[in-house]
2 protein chains.
Amino acid sequence: MAKKKPAPRKAEPKVPVKLTDKDKKTLTSLEKLASGVVEAAMKSRAPHIEIPSRALSNVRYNTSKKFIEIGSGTNRRELFNLSQAKAYMQSLLVAGGAKELIDEGKTTSLRGMYYKLKHTIAGTSENTFDGQGESDTIIEDMEVALGAMREELHLYAKNAGAMVGPVVLVDSGDEIDCNRMGSGGYSIPSIVEPEIVQFKKVQADFVLHVEKDTVWRRFNEDKFWQQYNCILTHGGGQPPRGVRRLLHRLHHEHDLPIYCLLDNDPWGYYIYSVIKQGSINLAYESRRMAIPGARFMGLRSKDYERCNLTPSVQIKLSEQDIKRAHQIAAYPWFAKKKDWQKEIEGMLKNGFKLEVEALISKGISYVTEQYVPDRLEDEDFLD
Amino acid sequence: MAKKKPAPRKAEPKVPVKLTDKDKKTLTSLEKLASGVVEAAMKSRAPHIEIPSRALSNVRYNTSKKFIEIGSGTNRRELFNLSQAKAYMQSLLVAGGAKELIDEGKTTSLRGMYYKLKHTIAGTSENTFDGQGESDTIIEDMEVALGAMREELHLYAKNAGAMVGPVVLVDSGDEIDCNRMGSGGYSIPSIVEPEIVQFKKVQADFVLHVEKDTVWRRFNEDKFWQQYNCILTHGGGQPPRGVRRLLHRLHHEHDLPIYCLLDNDPWGYYIYSVIKQGSINLAYESRRMAIPGARFMGLRSKDYERCNLTPSVQIKLSEQDIKRAHQIAAYPWFAKKKDWQKEIEGMLKNGFKLEVEALISKGISYVTEQYVPDRLEDEDFLD
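Residues numbered from 1 in each chain as written. Chains lettered and ligands numbered in written order. Predicted model: local features only at pLDDT ≥ 70, side-chain atom pairs only at ≥ 80, totals over all residues.

A. How the structure looks around the overall build of chain A. Each helix and strand counted, chain A has 14 helices and 17 strands in total. If you line up chain A on its principal axes, its C-alpha atoms span 75 × 60 × 40 Å. Looking at chain A residue by residue over its 383 residues, the buried ones come to 45%. Look at the contacts in chain A between residues 6 or more apart in sequence, and 71% of them connect residues 24 or more apart. (Helix = DSSP H or I, 4+ residues; strand = E, 2+ residues; numbered from the N terminus. Buried ≥ 20, exposed ≤ 12 C-beta atoms within 10 Å, placed from the backbone. Contact = placed C-beta atoms within 7 Å.)

B. Representation of helix 5 (residues 213-221) of chain A in the model. Residues and elements named next belong to chain A. The buried count for helix 5 comes to 8 of 9 residues, which makes it a mostly enclosed element. What helix 5 keeps buried is the set Asp213, Thr214, Val215, Trp216, Arg217, Arg218, Phe219 and Asn220. Following helix 5 by one or two positions, Lys223 has its phi on the positive side, about 55°.

C. Focus on the packing of helix 2 (residues 85-104) of chain A against helix 4 (residues 132-146) of chain A. Residue and element names in this part refer to chain A. Two numbers describe how helix 2 lies on helix 4: the axes approach to 9 Å, and their chain directions differ by 75°. If you check the angle between helix 2 and helix 4, you find them roughly perpendicular. Taking contact as the criterion, the partners of Ala87, Gln90, Ser91, Val94 and Ala95 in helix 2 are, on helix 4, Glu134, Ser135, Ile138, Ile139, Asp141 and Met142. (Axes fitted to C-alpha atoms, helices over the stretch in contact; angles between N-to-C directions. Parallel < 35°, antiparallel > 145°, perpendicular 65-115°, else oblique.)

D. The arrangement of the relation of the copies chain B and chain A in detail. Superposing chain B onto chain A requires a rotation of 180° together with a translation of 0.0 Å along the rotation axis, leaving an RMSD of 0.0 Å. What we have between these two chains is a two-fold relation. If distances are taken from each C-alpha of chain B to the rotation axis, the shortest is found for Ser187 of chain B, at 2.9 Å. Counting the interface residues of chain B, we find that 100% of their copies in chain A are interface residues as well, pointing to one common contact surface. (Least-squares fit on C-alpha atoms with pLDDT ≥ 70 in both.)

E. Molecular detail of unusual backbone geometry. Residue and element names in this part refer to chain A. Here the amide bond leading from Gly298 into Leu299 is cis, since omega sits at -5°, within 30 degrees of zero. Counting through the fold element by element, Leu299 comes out in the loop between strand 15 (295-298) and helix 10 (303-306). Its identity as a non-glycine residue notwithstanding, Lys66 has a phi of 65°, on the positive side. Considering the arrangement of structural elements, one finds Lys66 in the loop between strand 2 (59-62) and strand 3 (67-70). For Lys66, a count of 16 C-beta atoms within 10 Å puts it in the partly exposed group.

F. Seen up close, the pairing of strand 12 (residues 206-210) of chain A. Residue and element names in this part refer to chain A. Counting buried residues along strand 12, 5 of its 5 residues qualify, which places the element largely inside the surrounding structure. The side-chain alternation of strand 12 yields two buried faces, one formed by Phe206, Leu208 and Val210 and the other by Val207 and His209. Relative to strand 13 (residues 230-234), strand 12 runs parallel, the two sharing 5 bridges. Its bridge partner lying in strand 13, His209 is registered against Thr233. Judged from the 4 bridges that link them, strand 12 and strand 14 (residues 258-261) form a sheet pairing that is parallel. Each bridged residue has a counterpart across the sheet, and for Val210 the counterpart in strand 14 is Leu261. (Pairing = 2+ DSSP bridges.)

G. Highlighting the interface of chain B and chain A. At the interface, 67 residues of chain B touch 67 residues of chain A. Those elements that provide at least two residues to the side of chain B that touches chain A are strand 5 (108-109), helix 3 (110-117), strand 9 (174-177), strand 10 (186-187) and helix 5 (213-221) of chain B.

H. A look at the sheet that holds strand 9 of chain B. Residues and elements named next belong to chain B. Judged by pairing direction, the sheet is antiparallel, and its 3 strands sit side by side in the order 9-8-11 without closing on themselves. Strands with a single pairing partner mark the edges of an open sheet, and in this sheet they are strand 9 and strand 11 (197-202). Adjacent strand axes in the sheet meet at a mean angle of 20° when their direction is disregarded.

I. Quick peek at the environment of Val144 of chain A. All names here are of chain A. Its location among the elements puts Val144 in helix 4. For the pair Val144 and Phe296, spaced 152 residues apart in sequence, the C-alpha separation works out to 30 Å. Residues in contact with Val144, not counting those within four places in the same chain, are Ile51, Pro52, Arg54, Ile70 and Tyr284.

J. Region of interest: the environment of Glu319 of chain B. Secondary-structure assignment places Glu319 of chain B in helix 11 (residues 319-329). Residues Glu319 of chain B and Phe352 of chain B, spaced 33 residues apart in sequence, show a C-alpha to C-alpha distance of 11 Å.

K. Region of the structure containing the sheet that holds strand 9 (residues 174-177) of chain A. Residue and element names in this part refer to chain A. What the 3 strands build is an open sheet, ordered 9-8-11; its pairing is antiparallel. This sheet does not close on itself; its edge strands, each paired only once, are strand 9 and strand 11 (197-202). Ignoring strand direction, the axes of neighbouring strands in this sheet form an average angle of 20°. Bridge count for strand 8 (residues 167-171) against strand 9 is 4 bridges, and the pairing is antiparallel. Bridged to Val170 within strand 9 is Glu175.

L. Layout of helix 2 (residues 85-104) of chain B. All names here are of chain B. With 20 residues, helix 2 extends 29 Å between its outermost C-alpha atoms, agreeing within 8% with the 28 Å of an ideal straight helix rising 1.5 Å per residue. Of the residues making up helix 2, those classed as buried are Tyr88, Gln90, Ser91, Leu93, Val94, Ala95, Gly97, Ala98, Leu101 and Ile102. Against the buried residues of helix 2 lie helix 1 (21-42), strand 1 (48-52), strand 4 (74-78), strand 5, helix 3 and helix 4 (132-146). Of the residues flanking the end of helix 2, it is Gly105, one or two places downstream, whose phi is positive at about 65°. (Expected span 1.5 Å × (residues − 1).)

M. Layout of the confidence of the model for chain A. For chain A, per-residue confidence averages 90 on the pLDDT scale, and residues scoring 70 or more make up 96% of the total. This prediction of the complex comes with two scores: 0.82 for pTM and 0.75 for ipTM. (pLDDT = per-residue confidence, 0-100.)

N. A look at the environment of Pro166 of chain B. Residues and elements named next belong to chain B. Tracing the chain through its elements places Pro166 in the loop between strand 7 (162-164) and strand 8 (167-171). As for Pro166 and Thr120, which are separated by 46 residues in sequence, their C-alpha atoms are 51 Å apart. Contact partners of Pro166, with chain neighbours within four places excluded, come to Asn179, Gln203, Ala204 and Asn229.

Put into structure tokens, the structure is as follows:
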């Protein structure tokens, strides 16, 4: 083995951090939050912060915008309140940590932030955070309180999901041609805000979003996206924020229809629901993530008969599936849609779910050569 | 929303499938297996196949090659044996499925193969496979029996892991410059055999392999790989076969040292063990995957003192961790290495584990600006 002693090629000079406009805006929110606390203390008043409530009771479906949004309810966190003091301290720690990241022009992971802020409080055996779950929750609180997405606090989750197709983009200064990304595709980062990812050339006619990596790969291998001039994405199951935001930008900035190919089960329905209307837990992000214009291409409960599938591909619905299906059918955005009610009833009547992979029983490329082309041809989508 | 009716741009003419040399070799093995069965039947003898045993008892550490390898023990699977008939039938189904994939020049996922082969046996209520676990196991059996890796049977797992650095490669005909892959890097496919991935230009001095995506991202954001002229990879925890094979190729074809930055816990030790000596379950793949020359850079149990870390980053060892640490210390390839014995004893004495992320408590970029540069400088690696 050639064993060279590795050495840095060149000493990189420290460049002063360049703040984006968004960074400046976030810093202003952070400073406003801190000033409120300082001012209260100076006036000998009990410091507190207001955090918008993320409880179900403070979330509603906006029928004109057609997505889930957060209401105006807030919870107060006071320093001099035994049950609130810890969360108050944690909130300020997260705010301080975010400010430091922005000042340094760096980002970190949710786990990194947890480690950054975790320490034992001097003179006690009490830790600032006892687990990452605690800091993750406070980070979500601070996003809402500051009106800044996680990305704007310079925090990210791990990459998940991939994209391929007629798009050229610039990611962190590097030009990426998604026409030429080999078998793996462009790995979608968790931060795809315009400061990080700029679209340079988008020549696709639509986006086909599939649930899983394995299905995505079949479409990529069969060069479906070349033949149909489309962008092909997957989100590795429930798509993370980066993937949702990317789809949102492609839809809104480039007028591309978004067609979703998901499993015929409550989980697939729910993925569609989140892509289209937003999620309950992250309702404050709907305006930047929800895509009310998205369409559900399949699988459909009628596909078992329509595609003449064999009984072997049936996966029996569990008690949990049935319960979940009823819950989803009752969501305000599905409740009034006859097509969706029929769809969910169909699955319950079948008594089984169908994964997209089930189509392979008809042939390896049935899904790319028959199923999706037929759906595009007959335009039989659910809204 | 611009709603165009999507239509294929051009009808792709069906091109005849071009078999690679490896495909031809695999087909020969498959046909030999099938011929054996047919010949036995023609001679009115009971058909059977021989499957090399993957049990622990048939695995040994080869001290000269310095990796784990499979022995010569085999298990016979007979058609006319009630306890073996199903596995016999499943083995032939997998072989037939693989042949079909190779003939069609297509690949599928493990799940896809399961769906492809799953059906109810005519005249019975018996399924060929009752779950993907069954087909996955048989696929591993067939890899050993045919002397062909999963990839050579045209089966793949999902993409996992990423790479960035001074490498230009060709993946499925597309040229990928890993110097310019934005924030996400090159998504490492599960198949990186030379037929799929060719290295065009490798200008790095070494490879830094880190355990997790989040750590990888810190190194990428800090442009560590530019400064130290290295390739930066991660495997999302225990690296999947594609990542291990890629590291193997970089090490053996391009003489690059492989340095591993993993957590200081039994899981991190085990990841290193698999990268270096191969895994027990996939011992038959060691010759193509194991990298006896790999080096363990850290974290080390002495880092708590060496780096002057705060108590808050300690994660207490569980009963399970302690048990696992003793098992790992007893592995033949660790048992005779004093350094490793000292390392594992050190962790047990500490009573806690240390994740790489713990270094963030010293500063966001401590790991890229101090920890790893120091280790490269002092060359204090474990073998």
